[in-house]
Amino acid sequence: MRTALDMLQWYKENAVNVKAAAKMTEEALKEKFLIGELYRAEAPEYTAAYDQLIARVQGGGKIR
Amino acid sequence: MQATYKKYFRQDKLPHIWCPGCGNGIVLSAFARAMEKMNINRDEAVIVSGIGCSSRATTYLDFNTLHTTHGRALAYATGVKLAEPRLKVFVFMGDGDSTAIGGNHLIHASRRNIDITAIIIDNNIYGMTGGQYSPLTPTGKRATTAPYGMVERNFDLCELVKGAGATFVARGTTYHAKQLTDLIVAGAQHQGFAVIEAMSQCPIVMDDVIKCAQPWICYNGIRKMQLM
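An account of the accompanying structure is given in this report. (Residues numbered from 1 in each chain as written. Chains lettered and ligands numbered in written order. Predicted model: local features only at pLDDT ≥ 70, side-chain atom pairs only at ≥ 80, totals over all residues. Heavy atoms only, no water.)

1. Quick word on the interface of chain A and chain B
Across the contact, 27 residues belong to chain A and 38 residues belong to chain B. Between chain A and chain B, a total of about 2,700 Å² is buried, with carbon and sulfur atoms accounting for 65% of that surface. Where chain A meets chain B, there are 0 salt bridges. In this structure, the connection of chain A to chain B is made through 11 residue pairs in polar contact (both at pLDDT 80 or more). The set of elements that each furnish at least two residues to the side of chain A that touches chain B consists of helix H1 (4-14), strand S1 (15-17), strand S2 (33-40) and helix H4 (46-58) of chain A. Of all the elements, S2(A) adds the most residues to the side of chain A that touches chain B, at 8 residues. Class assignment of the residues belonging to the side of chain A that touches chain B gives a composition of 16 nonpolar, 4 polar and 7 charged. (Contact = heavy atoms within 4.5 Å. Buried area = accessible area lost by both parts, 1.4 Å probe. Salt bridge = Lys/Arg side-chain N within 4 Å of Asp/Glu carboxyl O. Polar contact = N/O pair within 3.5 Å; in protein donor to acceptor, adjacent residues only side chain to side chain. Helix = DSSP H or I, 4+ residues; strand = E, 2+ residues; numbered from the N terminus. Nonpolar A, V, L, I, M, F, W, Y, C, P; charged D, E, K, R; others polar.)

2. Observations regarding the layout of surface pockets
In this model, the largest pocket occupies a volume close to 660 Å³. In this structure, the largest pocket is lined by 25 residues; those nearest its centre are Trp10(A), Phe33(A), Asn124(B), Pro138(B) and Met199(B). Contributing elements (two or more residues each) for the lining of the largest pocket: H1 and S2 of chain A together with strand S6 (194-199) of chain B. With 3 residues, the top contributor of residues to the lining of the largest pocket is H1(A). (1 Å grid on protein atoms, 1.4 Å probe; cavity = no way out; pocket = protein on both sides within 12 Å on 5 of 7 lines; lining within 4 Å. Points joined across faces, edges and corners; volume = space filled by probe spheres on them.)

3. A look at empty space enclosed by the protein
All names here are of chain B. The full count for this structure, using the stated rule, is 1 cavity of 30 Å³ or more. In this structure, the largest cavity occupies an estimated 140 Å³ of space. Looking at the largest cavity, it is lined by 17 residues, and the ones nearest its centre are Gly-52, Cys-53, Gly-94, Ile-125 and Gly-127. Per element, the largest residue contribution to the lining of the largest cavity is 3 residues, and it comes from helix H4 (residues 95-101). Of the residues belonging to the lining of the largest cavity, the class tally is 6 nonpolar, 9 polar and 2 charged.

4. Overview of the pairing of strand S1 (residues 45-49) of chain B
All names here are of chain B. Along S1, 5 of the 5 residues are buried, which leaves the element largely enclosed by surrounding structure. By the alternation rule, side chains of S1 split into Ala-45, Ile-47 and Ser-49 and Val-46 and Val-48, which are all buried. Pairing between S1 and strand S2 (residues 64-67): 4 bridges, direction parallel. The residue of S2 that forms the bridge with Ser-49 is His-67. (Buried < 20%, exposed > 50% of the residue type's maximum accessible area, 1.4 Å probe, protein only. Pairing = 2+ DSSP bridges.)

5. Structural notes on unusual backbone geometry
A cis amide bond, omega 5°, links Leu14(B) with the succeeding residue Pro15(B). With respect to the helices, strands and loops of the structure, Pro15(B) is situated in the segment before helix H1 (24-38). With a phi angle near 70°, Glu31(A) is a residue other than glycine that sits in the positive phi range. Its location among the elements puts Glu31(A) in the loop between helix H3 (26-29) and S2. Its relative accessible area of 68% is what places Glu31(A) among the exposed residues. Of note in the backbone geometry, Asn113(B) takes a positive phi value of approximately 55° without being a glycine.

Right, dumping it as structure tokens:
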């Protein structure tokens, strides 16, 4: 049985920060996993889009 | 020194029921520290969970909380957010809860880009419900439902939600607890659907019980440890 400590040690040894990974070779990253902020994008948010729709309809706007 | 984030916990519900060595407490303290960093008003935040080890978070955290049904936390959270968009909504889920039973809710919350922060505690297994494999159980690992090893390929959770439309995706571990706090802060401040995969060790079910080759041995092991 592996202990909790063994498992934490595995995280320590196999996690690679995404910023550090950018400077590493594919070979060095083999069997590793990335941690950190992996992706960020901008897109319309659902409740805001819904509120806009409600305002448009209640304001007499046309539904396209 | 008194940890100031302790005010975010319901002291009368402690001690927790998690197994010795479980990482869920580390994730929860990372979350509480994130709330402290952001100076979150507890009345303006809602925490929603489904079923499983991770979902006990709503028992211990002293916020507006909603402990719901298996896999449906995001559906409830969507209702809360639509009804009161001013509220900060956080969802705690496990890997089975979010990607198997609740997989459909996960991809559609991602697609809608609803302003919810989902913290998915990934221990690679269904813990509380009996050691069954989840879509995040690595290929070849044993589970009570795969006593000779998992033949299926596992999801890459972060790639899955990114592909489905989530606009903030991050991964942390219980070893990197400080970074996990920062990732939760960044996710909560992002306008849109944020997913933070918190990898967490499960030394009891994942690594002790399910190494058994025979399901009934696993079952007896779980019963013996009173995890049900």
